[in-house]
Amino acid sequence: MPDCIFCKIVTKEIPAKIAYEDAHLVAFSDINPKAPVHLQIIPKEHIARVSELTEKNADLVAKLVMTANRLAREYGVAEPGYRLVINCNPGAGQSVYHLHLHLLGGRPMKWPPG
Ligand code: 5GP
Ligand code: ZN
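Residues numbered from 1 in each chain as written. Chains lettered and ligands numbered in written order. Predicted model: local features only at pLDDT ≥ 70, side-chain atom pairs only at ≥ 80, totals over all residues. Heavy atoms only, no water.

(A) Broad picture of the pattern of salt bridges. For the coordinates displayed, the defined rule picks out 5 salt bridges. A salt bridge links Glu 21 to Lys 44; the shortest N-O distance between them is 3.0 Å. Of this pair, Glu 21 sits in strand E1 (residues 18–21) while Lys 44 sits in the loop between strand E3 (37–43) and helix H2 (58–74), and the two are 23 residues apart along the sequence. Here Glu 21 falls in the partly exposed class, since its relative accessible area comes to 33%. The class for Lys 44 is partly exposed, based on a relative accessible area of 26%. (Salt bridge = Lys/Arg side-chain N within 4 Å of Asp/Glu carboxyl O. Helix = DSSP H or I, 4+ residues; strand = E, 2+ residues; numbered from the N terminus. Buried < 20%, exposed > 50% of the residue type's maximum accessible area, 1.4 Å probe, protein only.)

So, in structure tokens, the structure goes:
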């Protein structure tokens, strides 16, 4: 296994505020939140970045997005709205190389992002 901070959250070597967990996914609060609600939804499997997903990951991707949608409802940000973000590679601001879907909500969001 690579020396990966999010793998260590999966194995509980590093503590995190877990919002949801099942056999395939973990969702937890971001350590440096950029919005009142800022969760990370990640696969337990180490996949470094979104561009590495293949057809065999189709079910996993669906689970990531469906879980984010459900958590948005549970955290009360489904209305008026929330943002799901996946940064890929340094040019887009990816800093942790374990696939993660940001769920951001609870404040107005600007568009386009910076
Ligand atoms: P990226 O910049 O790769 O799209 O997002 C990485 C996110 O992971 C950032 O929002 C950052 O605050 C969060 N993060 C980095 N290290 C940790 C950690 O150890 N624990 C938690 N909960 N979040 C982290
Ligand atoms: Zn990892």
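(B) Representation of the sheet that holds strand E4 (residues 82–85) in the model. Read across the open sheet, the 5 strands follow the order E1-E2-E3-E5-E4; overall the sheet is antiparallel. Bordering the open sheet on either side are E1 and E4, each of which pairs with just one other strand. On average, each strand axis in the sheet is tilted by 15° relative to the strand beside it, whichever way the strands run. Alignment of E1 against strand E2 (residues 25–29), held across 3 bridges, turns out to be antiparallel. Within E2, the position partnered with Tyr 20 by the bridge is Ala 27. Packed onto the sheet, H2 meets E1, E2, E3, E4 and strand E5 (101–105) and runs at close to 160° relative to E3. (Pairing = 2+ DSSP bridges. Axes fitted to C-alpha atoms, helices over the stretch in contact; angles between N-to-C directions. Contact = heavy atoms within 4.5 Å.)

(C) Representation of the coordination of the zinc ion (ligand 2) within the structure. Here the zinc ion (ligand 2) is held by Cys 4 (SG), Cys 7 (SG), His 46 (ND1) and His 98 (ND1), and the distances to it run 2.0 to 2.3 Å. Taken together, the 4 donor atoms coordinating the zinc ion (ligand 2) and their angles of 107 to 117° define a geometry best described as tetrahedral. Motif for the zinc ion (ligand 2), donor spacing along one chain: C-x2-C-x38-H-x51-H. Linking Cys 7 in helix H1 (residues 5–10) with His 98 in the loop between E4 and E5, this pair joins segments that are 91 residues apart in sequence. (Donors = N, O, S within 2.8 Å, 3.2 Å for Na, K, Ca; no water. Tetrahedral: all angles 85-135°; square planar, octahedral: opposite > 155°, others 65-115°.)

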